[in-house]
Structure formats: structure tokens, C-alpha cells
Amino acid sequence: MSTRAFLSCGSYSSPSSRQRPSRRVPSGRPPEPAKLCPAASSSSNRREAPSARRATPSLGAALVDVNNGSYTGVITIDVCGDTTEGTSAVLNASGTGGSSYTGVTIAPAGGVPRTISGGIAAILIDLNGAGGVVIDGLNSGGNALTIENTSTAASAATIRFIGDASGNTVRNSTIKGATTGTSSGTIVFATGTTTGNTE
């Protein structure tokens, strides 16, 4: 099963209030992924309930939905608008709590540059034991992605791999940070216990 989420491209409703989309499709045609924001066009083979097509207001909100199991399997998060994160966007390991995913891809959409930013005196994007995550800025068709934490706090970082976060990829993206801490950085590989943290 695959799920597609959209950031900052429409109204948001909590997962508990969304209807689950029907998976009935014409014979021989694979099911469409559930969409979380209004589609630009519709077709006869699209069976999602309108209330299932919503946008999340931030990356953090999308990852909360993944962590609590609202979205499972192979998950694509399309960044179709700039987002400002007010708190850390944390993705936990699959199997922790309600989460159950085999891969998470975060990429810009819409053919223009997108930005995920925040001024957080902590971690902007925290991969806490998460695996199979791909952050891909694409850099094609006008798509580009910048991820920036503007905080100068000693504890600030832009992306952190921690708790055996492994098998992850960050590519084609501009990653910026402003931390003044000598034990932090823009991208941080922190503590692990078994496999360690790898990109």
C-alpha cells in the first residue's frame, strides 16, 4: 500500500476526521494512493473520498500522522508549498508506537523551489531510528528543496540521525544551518546502539 501526503497546498483535517478511501478500481488497474489535499483534476478511476484529500500544514504534522499509524506502507510526502516548522519534525522507527512504514520519501512538487525552514533551538528534522527515508530535492523540472534551521543556538541542527537511523538518503537538496555549538552542526550523526546511524 502506498500513501501520498501533501504539505501546505490546501486545508488540513486531522486523520481521525478523514474518511478512509475506497480501494475499488477497474479490473487490471492499480489503486490510486490516498491523497491528502484536493486533486487538481479528477478521473473516473479515482475513488478517494473528498475529505481524504487534505494537506498537512507542516512536515512535523505529516510525520506525526506517520508516527501514529494514520499512513502506512510506502509513503510519499510532496512539499507543494513552503513550510515553517514551529517545533522539531520527528520521524520514529517503523514499529515504534503505531508507526508502520516501509519507506518515506520527502520531495518538492509543483515545478518551483520549496523551503522547509524554522528557527528552532533544537533539531529541525529528527530521524529517530527511522530507516528507508529519502529526502530528495530532485533539482529537475523547476523543483528544488532547501531545508534550513536559522537558529544560532548551540543545540540547534537542521537534520539529525539518531537511535540507529540507517539506510536513509539526503540528495539534491540545499541544507543550511546557523548553530554556534561546537558539539552540534548542520547535519548531525548522533548516538546509536546497534547499527549506528548511516545515511
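Predicted model only: the values in this text are computed from it and were never measured.

Undergrad: Explain the overall build of the protein to me, and be specific about the residues and the numbers.
TA: Counting secondary structure elements, the protein contains 1 helix and 15 strands. Expressed as a percentage of the 199 residues in the protein, the buried residues total 46%. Here the analysis covers contacts within the protein between residues at least 6 apart in sequence; of these, 80% occur between residues at least 24 apart. As presented, the protein carries roughly 8,900 Å² of accessible surface, and 49% of it is formed by carbon and sulfur atoms.

Undergrad: Now, about the pairing of strand 12 (residues 157-162): what can you tell me, with residues and values included?
TA: The element strand 12 is largely enclosed, with a buried count of 5 among its 6 residues. Of the pairings in the sheet, the one linking strand 9 (residues 123-128) to strand 12 comprises 5 bridges and is parallel in character. Considered in strand 12, the bridge of isoleucine 125 is made with isoleucine 159. Sheet analysis places strand 12 next to strand 15 (residues 187-189), joined by 3 bridges and oriented parallel. Along strand 15, the bridge assignment pairs phenylalanine 161 with phenylalanine 189.

Undergrad: Describe the sheet that holds strand 5 (residues 83-84), and please don't skip the residues or the numbers.
TA: With parallel pairing, the 4 strands of this open sheet are ordered in space as 5-8-11-14. Where the open sheet ends on each side, the last strands, each with one partner, are strand 5 and strand 14 (173-177).

Undergrad: So what's going on with the environment of isoleucine 77? Residues and values would help.
TA: Position of isoleucine 77 among the secondary structure elements: in strand 4 (residues 73-79). The spacing of isoleucine 77 and alanine 109 is 32 residues in sequence and 9.4 Å in space, taken between C-alpha atoms.

Undergrad: Any chance you could break down the confidence of the model for the protein for me, citing the residues and the numbers?
TA: Averaged over every residue, the pLDDT of the protein is 80; the share at 70 or more is 72%. Counting interchain partners and residues more than four positions distant, the pLDDT-below-50 stretch residues 10-53 has 78 contacts.

Conventions we followed
Residues numbered from 1 in each chain as written. Predicted model: local features only at pLDDT ≥ 70, side-chain atom pairs only at ≥ 80, totals over all residues. Heavy atoms only, no water. Helix = DSSP H or I, 4+ residues; strand = E, 2+ residues; numbered from the N terminus. Buried < 20%, exposed > 50% of the residue type's maximum accessible area, 1.4 Å probe, protein only. Contact = heavy atoms within 4.5 Å. Areas by Shrake-Rupley, 256 points an atom, 1.4 Å probe, with all protein chains shown as cover. Pairing = 2+ DSSP bridges. pLDDT = per-residue confidence, 0-100.

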